[in-house]
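Read off the chains here:
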Protein chains: 2
Amino acid sequence: MIFSLNQRKLIGLLITEGPQSRKALASKLHLTNAAVTVMTQSLIEEGFVVELGEIESGKVGRKETLIDLGIDKYVAIGMDVRSDYVNLSFTDIQGNLLEYKKIHHLEDAVEYVQRAIAKYPPFEEISVVCRGYKGLDFFDQTIEEVERLMSAARLPYRIVHNVSALAILHKFYHPMDSNFLLVKYGPGVGSAIMTNGQLLRNDRNRGSEFGHMLVDGSSPRTLEEEISYATVAQGIEESEVVDYLLSSKATLDFVMSKMAYCLVNAHVLLALEKIVIAGSLFVSDEAFASLKDKINKHQKSIQADDLVRISDYQQKEKKIGSIVTLYYHFLNL
Amino acid sequence: MIFSLNQRKLIGLLITEGPQSRKALASKLHLTNAAVTVMTQSLIEEGFVVELGEIESGKVGRKETLIDLGIDKYVAIGMDVRSDYVNLSFTDIQGNLLEYKKIHHLEDAVEYVQRAIAKYPPFEEISVVCRGYKGLDFFDQTIEEVERLMSAARLPYRIVHNVSALAILHKFYHPMDSNFLLVKYGPGVGSAIMTNGQLLRNDRNRGSEFGHMLVDGSSPRTLEEEISYATVAQGIEESEVVDYLLSSKATLDFVMSKMAYCLVNAHVLLALEKIVIAGSLFVSDEAFASLKDKINKHQKSIQADDLVRISDYQQKEKKIGSIVTLYYHFLNL
């Protein structure tokens, strides 16, 4: 089935807000009740939408039928390509996990998808989450391999940068958050900005580079140059850096205060409602508390609730690819 | 006449892109040719739109009629309330000045509008450009007076902050610029950000505060505290500050280097395509060159064309209120 733009938007509302009446949907979509009735009819026939029971509406004696998503007619597929394995996920239209696989080689993951799609309903496009953008020396190879393998397997795909994918994950689970900065620390400093519910990206296809902010007016050094793992934990294995930072208070203080300074500046410049912090260091309550403390020293106006960490819902990260797929199909319209 | 949303969008396209065929409009509005034909019919009958001659379209022998805006059926009215006078402007739907008045007292300006509207076609809403937001101590009084006088005169109005109005002015004359930061220097530091063609404003109704960025990680002082007229030209009359800055190279250098540092940080964070500089200091080529020079010292990646100054089209500033009116009616949809 090919969805119309309004059908996609309607499904998006059911994903983010849950079951509701046709009337409620019509008002949110700026459509007539009749138009929504027609639109939902074909969605119901195809099984993408189902009718639930009736609820009392505001007026006495008037009942309204709630509609919800049918969950067995659509599959969202996503891959999260990491340096030494691939997270492969299949979810239903609501984002519930249908199947998850951790596969060590990209080639095997693509082959697995090819075999798996036979048993699932039709899908549209597979999101592939990659580290780095095309054009960055370090990551080109992975992205080129993704492109080569997916094309050879004739699978439609979309490559999404992993930091943008984290911002999309946050947006999916917090649909009311429309203006926020996401910063991922470790091994470098990555960022993504949502304004008016959309990922910031300019006409030259560049996105936010929080890590390129200068931390000092009299030096050309960027935040990333100051606090990347390579700078603050020279010679230490990447997998050991978090432990090192947590054991060296002076280093942790240094990292957090540089980061806090740049976050405060981003906050006032962008009138941010929320700052979302990602990176495995922030699984540690101590590291997160230290960052909050440093921010408070600069500026009291960032409320405690405005600073959140993505590790609080890390369990959801294994289906990140599928969530990105749902986002682009039904929410980013 | 009450315009539909699509009619407003169609007029917006004619304002920013000029005359074009129904077919071209249909494709940009994502509508069928038939829908655009119906829409334009009523606009033509009412005189808001006129047919121009035919042009050859791509296909041999096929001719298309161009349509353009009718200019005598609509008036945009705007007021720009300054500390000692009011710029009052009336423009046609294309933004051509019909009438301009500089009036010393707000009360007289409102009275003038009341009398003037009798001779103009119907209007919708008057934009009133004010210094400062409601809630800031210093400017409350003016805004409250605007509200009192406009309400008493039963004139529909919208209050717009003067820095946001400058960003709207830039957007009106450069419709392709969708992601930019506008910074106005003097007497304080004001800013406005456009992302995806919309003014950035969060759910708490706060906008960008470039002037609140910290210029140093080890000090709580903001850019505005460092470079406002009150700080760098203490005891000097506001009207004399520009001359003072241009005569004191050390002070100018200081101001420009602090500003450049924050601009470079905003540029990387927001992936800005353009930075627009406003404020009477920048009428001076020397001041503008100094800012460019300081920016280059920090970062070569800001191209010369990415930095523009609004004083290059200062003549258009006297109709700023009317342009804001046109923007909200036909472009910000």
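Each value, and the rule that gives it
- Residues numbered from 1 in each chain as written.
- Chains lettered and ligands numbered in written order.
- Predicted model: local features only at pLDDT ≥ 70, side-chain atom pairs only at ≥ 80, totals over all residues.
- Heavy atoms only, no water.
- Helix = DSSP H or I, 4+ residues; strand = E, 2+ residues; numbered from the N terminus.
- Rg over C-alpha atoms; globule rule 2.2 N^0.38 Å.
- Buried < 20%, exposed > 50% of the residue type's maximum accessible area, 1.4 Å probe, protein only.
- Areas by Shrake-Rupley, 256 points an atom, 1.4 Å probe, with all protein chains shown as cover.
- Lys, Arg positive; Asp, Glu negative; His and termini not counted.
- Charge placed at Lys NZ, Arg CZ, Asp CG, Glu CD.
- Phe/Tyr/Trp six-rings, centres within 6.5 Å; stacked < 30°, edge-to-face > 60°.
- Pairing = 2+ DSSP bridges.
- Axes fitted to C-alpha atoms, helices over the stretch in contact; angles between N-to-C directions.
- Parallel < 35°, antiparallel > 145°, perpendicular 65-115°, else oblique.
- Left-handed = near helix turned anticlockwise from the far one by under 90°.
- Contact = heavy atoms within 4.5 Å.
- Nonpolar A, V, L, I, M, F, W, Y, C, P; charged D, E, K, R; others polar.
- Domains from an automatic or database assignment.
- Buried area = accessible area lost by both parts, 1.4 Å probe.
- Salt bridge = Lys/Arg side-chain N within 4 Å of Asp/Glu carboxyl O.
- Polar contact = N/O pair within 3.5 Å; in protein donor to acceptor, adjacent residues only side chain to side chain.
- Core = buried A, V, L, I, M, F, W, Y, C linked by side-chain atoms within 4.5 Å.
- Least-squares fit on C-alpha atoms with pLDDT ≥ 70 in both.
- 1 Å grid on protein atoms, 1.4 Å probe; cavity = no way out; pocket = protein on both sides within 12 Å on 5 of 7 lines; lining within 4 Å.
- Points joined across faces, edges and corners; volume = space filled by probe spheres on them.

We now examine the overall build of chain A. Check the secondary structure of chain A and you find 12 helices and 13 strands. Taking 2.2 N^0.38 as the reference for a compact globule, 333 residues should give roughly 20 Å; the C-alpha atoms of chain A span a radius of gyration of 22 Å, in line with that estimate. Taken along the three principal axes of its C-alpha coordinates, chain A extends 65 × 50 × 35 Å. Within chain A, the proportion of its 333 residues that are buried is 54%. Taken as a whole, chain A presents about 15100 Å² of accessible surface, with 49% of it coming from carbon and sulfur. In chain A, 36 side chains carry a positive charge and 43 a negative one; their mean positions are 4 Å apart.

Quick look at the packing of aromatic side chains now. All names here are of chain B. Using the criterion set out here, one finds 14 aromatic pairs over all chains in the structure. Between Phe 3 and Phe 48, the aromatic rings sit 4.9 Å apart at their centres with planes inclined by 70°, giving edge-to-face as the arrangement. With Phe 3 in the segment before helix 1 (5–17) and Phe 48 in the loop between helix 3 (33–46) and strand 2 (49–56), this pair connects stretches of sequence that are 45 residues apart. Ring geometry for Phe 90 versus Tyr 120: centroids 4.9 Å apart, planes at 20°, classification stacked. Here Phe 90, found in strand 5 (residues 86–91), pairs with Tyr 120, found in the loop between helix 4 (106–116) and strand 7 (126–130); they are 30 residues apart in sequence, far enough to count as distant.

The subject of this paragraph is the sheet that holds strand 13 (residues 307–309) of chain B. All names here are of chain B. Taken in spatial order, the 5 strands line up as 11-10-9-12-13 in an open sheet, and their pairing is mixed. Edge positions in the open sheet fall to strand 11 (198–199) and strand 13, since each of these has one partner strand only. Sheet analysis places strand 10 (residues 189–195) next to strand 11, joined by 2 bridges and oriented antiparallel. Within strand 11, the residue paired with Thr 195 across the bridge is Gln 198.

All names here are of chain B. Contact pair helix 2 (residues 22–29) / helix 3: the axes reach a minimum separation of 9 Å and the direction vectors enclose 115°. Considering the angle they form, helix 2 stands roughly perpendicular to helix 3. The crossing of helix 2 and helix 3 is right-handed. Every residue of helix 3 that contacts helix 2 at Arg 22, Lys 23, Leu 25, Ala 26 and Leu 29 is listed here: Asn 33, Val 36, Thr 37, Met 39, Thr 40 and Ile 44. In terms of residue class, the contact of helix 2 with helix 3 is built from 6 nonpolar, 3 polar and 2 charged.

What follows covers the packing of helix 10 (residues 249–270) of chain B against helix 11 (residues 285–298) of chain B. All names here are of chain B. It is the contact of helix 10 with helix 11, at a shortest axis distance of 8 Å, that shows an interaxial angle of 50°. Between helix 10 and helix 11, the angle falls in the class oblique. In this structure, helix 10 crosses over helix 11, and the sense of that crossing is right-handed. On helix 11, the residues that touch Leu 252, Asp 253, Met 256, Ser 257, Met 259, Ala 260, Tyr 261, Leu 263 and Val 264 of helix 10 are Glu 286, Ala 287, Ser 290, Leu 291, Lys 294, Ile 295 and His 298. Residue classes in the contact of helix 10 with helix 11 are distributed as 10 nonpolar, 3 polar and 3 charged.

For the rest of this paragraph, the subject is the domain arrangement of chain A. Residue and element names in this part refer to chain A. Taken as a whole, chain A is organised into domain 1 (5–69), domain 2 (76–166 + 316–331) and domain 3 (175–313). Just the C-alpha atoms count here: the centres of domain 1 and domain 2 sit 31 Å apart. When the two sides are added together, the surface that domain 1 and domain 2 hide from each other amounts to roughly 690 Å², 65% of it contributed by carbon and sulfur. When the buried surface of domain 1 facing domain 2 is broken down by residue, Arg 8, Ile 15 and Leu 69 rank first, second and third, together holding 64% of it. A salt bridge links Arg 8 to Glu 124, with the shortest nitrogen-to-oxygen separation between them at 3.2 Å. Where domain 1 meets domain 2, there are 2 residue pairs in polar contact (both at pLDDT 80 or more).

Contacts between chain A and chain B engage 35 residues on the former and 35 residues on the latter. Between chain A and chain B, roughly 3000 Å² of surface is buried when both sides are summed, and carbon and sulfur atoms account for 53% of that area. Between the two partners, chain A and chain B, sit 12 residue pairs in polar contact (both at pLDDT 80 or more). With 7 residues, helix 10 (residues 249–270) of chain A is the single largest residue contributor to the side of chain A that touches chain B. Here the side of chain A that touches chain B is built from residues that sort into 16 nonpolar, 11 polar and 8 charged.

Let us now look at the nonpolar core. Grouped together as the largest cluster of nonpolar side chains are 84 residues, with contacts concentrated most on Tyr 185 and Phe 210 of chain A together with Tyr 185 and Phe 210 of chain B. Counting 44 residues, the second-largest nonpolar core is a separate cluster that includes Phe 3, Leu 13, Leu 29 and Val 276 of chain A.

Turning to the side chain of Glu 226 of chain A, a few remarks are in order. Tracing the backbone shows Glu 226 of chain A in helix 7 (residues 223–227). For Glu 226 of chain A, the contacting residues outside a window of four places in its chain are Val 215, Arg 221, Thr 231, Val 232 and Phe 254 of chain A.

Our next topic: the pairing of strand 12 (residues 274–278) of chain B. Put simply, side chains in a regular strand alternate between the two faces of the sheet. All names here are of chain B. Within strand 12, 5 of the 5 residues are buried, which leaves it mostly tucked inside the rest of the structure. Residues Lys 274, Val 276 and Ala 278 line one face of strand 12 and the alternating positions Ile 275 and Ile 277 line the opposite face, and both faces are buried. As judged from the 5 bridges shared by strand 9 (residues 180–185) and strand 12, these two strands associate in the parallel manner. The partner of Lys 184 across the bridge, within strand 12, is Ala 278. Both strand 12 and strand 13 contribute to a ladder of 3 bridges, which runs parallel. When the bridges of strand 13 are listed, Ile 275 appears paired with Leu 307.

Quick look at the relation of the copies chain A and chain B now. With an RMSD of 0.1 Å, the operation that places chain A on chain B is a rotation of 180° combined with a shift of 0.0 Å along the axis. Such a turn and shift between the copies fits a two-fold axis. The C-alpha atom lying nearest the rotation axis in chain A is that of Asp 216 of chain A; the distance is 3.1 Å.

The next subject is empty space enclosed by the protein. Using a probe with the size of a water molecule, rolled over the atoms, empty space left in the structure can be pinpointed. The tally for this structure, following the rule as stated, stands at 2 cavities of 30 Å³ or more. Here the largest cavity is characterised by a volume of approximately 40 Å³. Around the largest cavity, the lining comprises 10 residues; the ones closest to its centre are Ser 164, Ala 192, Leu 200, Arg 201 and Gly 207 of chain B. Top element by residues in the lining of the largest cavity is strand 10 of chain B. It accounts for 3 residues. Grouping the constituent residues of the lining of the largest cavity by class yields 5 nonpolar, 4 polar and 1 charged. Taken as a whole, the second largest cavity holds about 40 Å³ of empty space. In terms of lining, the second largest cavity is formed by 10 residues, of which the most central are Ser 164, Ala 192, Leu 200, Arg 201 and Gly 207 of chain A. In terms of residues, the lining of the second largest cavity owes the most to one element, strand 10 (residues 189–195) of chain A, which gives 3 residues. Of the residues that constitute the lining of the second largest cavity, the class distribution is 5 nonpolar, 4 polar and 1 charged.

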